[in-house]
Amino acid sequence: MDAGPASMPGTEASVLRALDALAGRLAHQLAHLDDAREAGPGLRALAADLLHTVDMGQDVALACVLLNQIGGTYPIRHCVETAIVVAVVGRGLVLPDATLAAVAAAALTMNCAMLDAHDDFNRRVALPGVLLSGDERARLRSHPEDSARTLACAGIGDEEWLACVLHHHEDDDGSGYPHGLPGHEIPRGARLLRLADRYCARVSARNYRRALAPDVALAELHAEHDPVLREAFHRHVGRYPPGTLVQLTDGGIGVVTYRPAIAGEGPEVACLRDADGQALAMPRVHRLASEDAIARALTEDEAELRFAMKAIWGSLAAR
């Protein structure tokens, strides 16, 4: 039986630790899908644990998407990060629990039929002059169907879960795959998964490119034709989600710690360098009056900040 997200005896609950453990469990579950007579209960438990972990601290979970990108393989990490964003936005939309559980499970399993090739494809498409072969492109475009079929063969019967996996690469203009569906035929859960998938891919660093700044990644989702989802991402993830490294208009440099409590306010920021670039002995935490106090988001190299997440978010971000 899989262990749940509870802390080890004598330790405090940690979102970061629980997410790391969940990624390991997911890798094990997906590696044994072909051998499983009934994978549904195990994967459902993973989705439930993911939602519980995010509910422990949404801001810390979002910070993990941006700051915890060194642990585990990219294909597994990306699925967990996408599920985190699905959970945050889905809670903000007040989706029914059964619906949110299905979309979160779909996020964790959306690429299960191509995990072995995911890293290789990503490495190769970035090399100058290197193109995927026709068979490789076909496999990439068929992976939503292949993944839904693999899950069905492993005993998953939840139609909403399978539909989200099947349609998570469809586009409103009909240019998506595998079926080229028009926008009105794409299920809302698949739309949410699609946006979370694309957002997380953009803010994640790869071995061949830097991560996009969160505000840039969010702006690139503007082509989404569903205004409710578009607004939900702006409201519940935001231009500068927790974990974003920022330079303030006064010259200070720090990390966003918590989202605005009220729409129109600015986020909370822990300043770690003063306006002269000197490291502060202790983080200087304050709530910004508005986002206008942020001059720009920074890369890790630009910010020149190295810190443990626990030093910012306390026990919820302990290893």
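Because the structure is predicted, anything quoted here is derived from the model rather than measured.

Regarding the packing of helix H4 (residues 74-92) against helix H5 (residues 97-109)
Alright, step 1. Following both chains from N to C, one finds H4 and H5 inclined at 160°, their axes separated by 8 Å at the closest point. What the angle tells us is that H4 and H5 run roughly antiparallel. In the crossing of H4 with H5, the sense of the turn from one axis to the other is right-handed. Contact residues: H4 offers Cys79, Val80, Thr82, Ala83, Val86, Ala87, Gly90 and Arg91, while H5 offers Asp97, Leu100, Val103, Ala104, Ala107 and Leu108.
Alright, step 2. Tallied by class, residues from the contact of H4 with H5 come to ten nonpolar, two polar and two charged.

Details of unusual backbone geometry
A negative phi holds for most residues other than glycine; trans holds for most peptide bonds.
Alright, step 1. Each neighbour pair has its own omega, and for tyrosine 177 with proline 178 the value is 15°, a cis peptide bond.
Alright, step 2. Positive phi is not limited to glycine here, since valine 94 has a value of about 55°.
Alright, step 3. As for its position among the elements, valine 94 is in the loop between H4 and H5.
Alright, step 4. Even without glycine at this site, glutamate 304 takes up a positive phi of about 55°.
Alright, step 5. With respect to the helices, strands and loops of the structure, glutamate 304 is situated in the loop between helix H12 (300-303) and helix H13 (309-313).

Let's talk about the pattern of salt bridges
Alright, step 1. Following the criterion strictly, the structure yields 16 salt bridges and no others.
Alright, step 2. Between arginine 319 and aspartate 20 there is a salt bridge, with the nearest N and O atoms lying 2.1 Å from each other. One end of the pair, arginine 319, is in the segment after H13; the other, aspartate 20, is in helix H1 (residues 15-31), with 299 residues separating them in the sequence.
Alright, step 3. Residue class for aspartate 20 comes out partly exposed when judged on its relative accessible area of 30%.
Alright, step 4. A salt bridge links arginine 198 to aspartate 171; its shortest N-O distance comes to 2.5 Å. Of this pair, arginine 198 sits in helix H9 (residues 188-203) while aspartate 171 sits in the loop between helix H8 (159-167) and H9, and the two are 27 residues apart along the sequence.

Thoughts on the packing of H1 against H4
Alright, step 1. Where H1 meets H4, the axes come as close as 10 Å, and the angle between the chain directions of the two elements is 120°. Of the possible angle classes, the one that applies to H1 and H4 is oblique. The hand of the H1/H4 crossing is right-handed. The segment H1 lies against H4, with Leu19, Leu22, Ala23, Leu26, Ala27 and Leu30 engaging Ile76, Cys79, Val80 and Ile84.
Alright, step 2. Among the residues making up the contact of H1 with H4, the classes are represented as ten nonpolar, no polar and no charged.

Notes on helix H2 (residues 40-56)
Alright, step 1. Its 17 residues place the ends of H2 24 Å apart at the C-alpha level, agreeing with the 24 Å of an ideal helix rising 1.5 Å per residue.
Alright, step 2. Of the positions making up H2, those classed as buried are Gly40, Gly42, Leu43, Leu46, Ala47, Asp49, Leu50, Leu51, Thr53 and Val54.

So, the side chain of threonine 82
Alright, step 1. Structurally, threonine 82 is set in helix H4.
Alright, step 2. Of the polar contacts made by the side chain of threonine 82, one reaches the backbone oxygen of histidine 78; its length is 2.8 Å.
Alright, step 3. Setting aside its immediate chain neighbours within four residues, threonine 82 contacts Ala107, Met110, Leu193, Ala196, Asp197 and Cys200.

Thoughts on the side chain of histidine 78
Alright, step 1. Locating histidine 78 in the fold gives a position in helix H4.
Alright, step 2. With relative accessibility at 2%, the residue histidine 78 sits in the buried group.
Alright, step 3. Sequence-distant contacts of histidine 78, that is, excluding residues within four places in its chain, are made with Met110, Asn111, Asp197, Cys200 and Ala201.

Some words on the sheet that holds strand E2 (residues 253-258)
Alright, step 1. If you walk across this open sheet you meet the five strands as E4-E3-E2-E1-E5, and the pairing is antiparallel. Single-partner strands in this sheet number two, and they are strand E4 (279-287) and strand E5 (294-297). For this sheet, the mean angle separating the axes of adjacent strands, direction not counted, is 35°.
Alright, step 2. Bridge count between E2 and strand E3 (residues 268-273): five bridges; the pairing is antiparallel. Bridge pairing in E3 links valine 255 to alanine 270.

A look at the nonpolar core
Alright, step 1. In this structure, Leu43, Leu50, Tyr199 and Phe233 are the most contacted members of the largest nonpolar core, which totals 78 residues.
Alright, step 2. Here the element with the most residues in this core is H4; it accounts for ten residues.
Alright, step 3. Grouped together as the second largest cluster of nonpolar side chains are ten residues, Val246, Cys271, Leu280 and Ile294 included.

Some points on H4
Alright, step 1. Taking 1.5 Å as the rise per residue, H4 with 19 residues should run 27 Å; its terminal C-alpha atoms sit 27 Å apart, in good agreement.
Alright, step 2. With respect to burial, H4 is a largely interior element, 17 of its 19 residues being buried.
Alright, step 3. Directly beyond the C-terminal end of H4, a positive phi value near 55° is found at valine 94.

Focus on the pairing of E4
Alright, step 1. Inspection of the sheet shows E3 paired to E4 by five bridges, in the antiparallel sense. Bridged to arginine 273 within E4 is alanine 279.
Alright, step 2. Hairpin remark: E3 followed by E4, antiparallel, with five residues in the connecting loop; positive phi at glycine 277, about 85°.

Reading guide: rules and limits
Residues numbered from 1 in each chain as written. Predicted model: local features only at pLDDT ≥ 70, side-chain atom pairs only at ≥ 80, totals over all residues. Heavy atoms only, no water. Axes fitted to C-alpha atoms, helices over the stretch in contact; angles between N-to-C directions. Helix = DSSP H or I, 4+ residues; strand = E, 2+ residues; numbered from the N terminus. Parallel < 35°, antiparallel > 145°, perpendicular 65-115°, else oblique. Left-handed = near helix turned anticlockwise from the far one by under 90°. Contact = heavy atoms within 4.5 Å. Nonpolar A, V, L, I, M, F, W, Y, C, P; charged D, E, K, R; others polar. Salt bridge = Lys/Arg side-chain N within 4 Å of Asp/Glu carboxyl O. Buried < 20%, exposed > 50% of the residue type's maximum accessible area, 1.4 Å probe, protein only. Expected span 1.5 Å × (residues − 1). Polar contact = N/O pair within 3.5 Å; in protein donor to acceptor, adjacent residues only side chain to side chain. Pairing = 2+ DSSP bridges. Core = buried A, V, L, I, M, F, W, Y, C linked by side-chain atoms within 4.5 Å.

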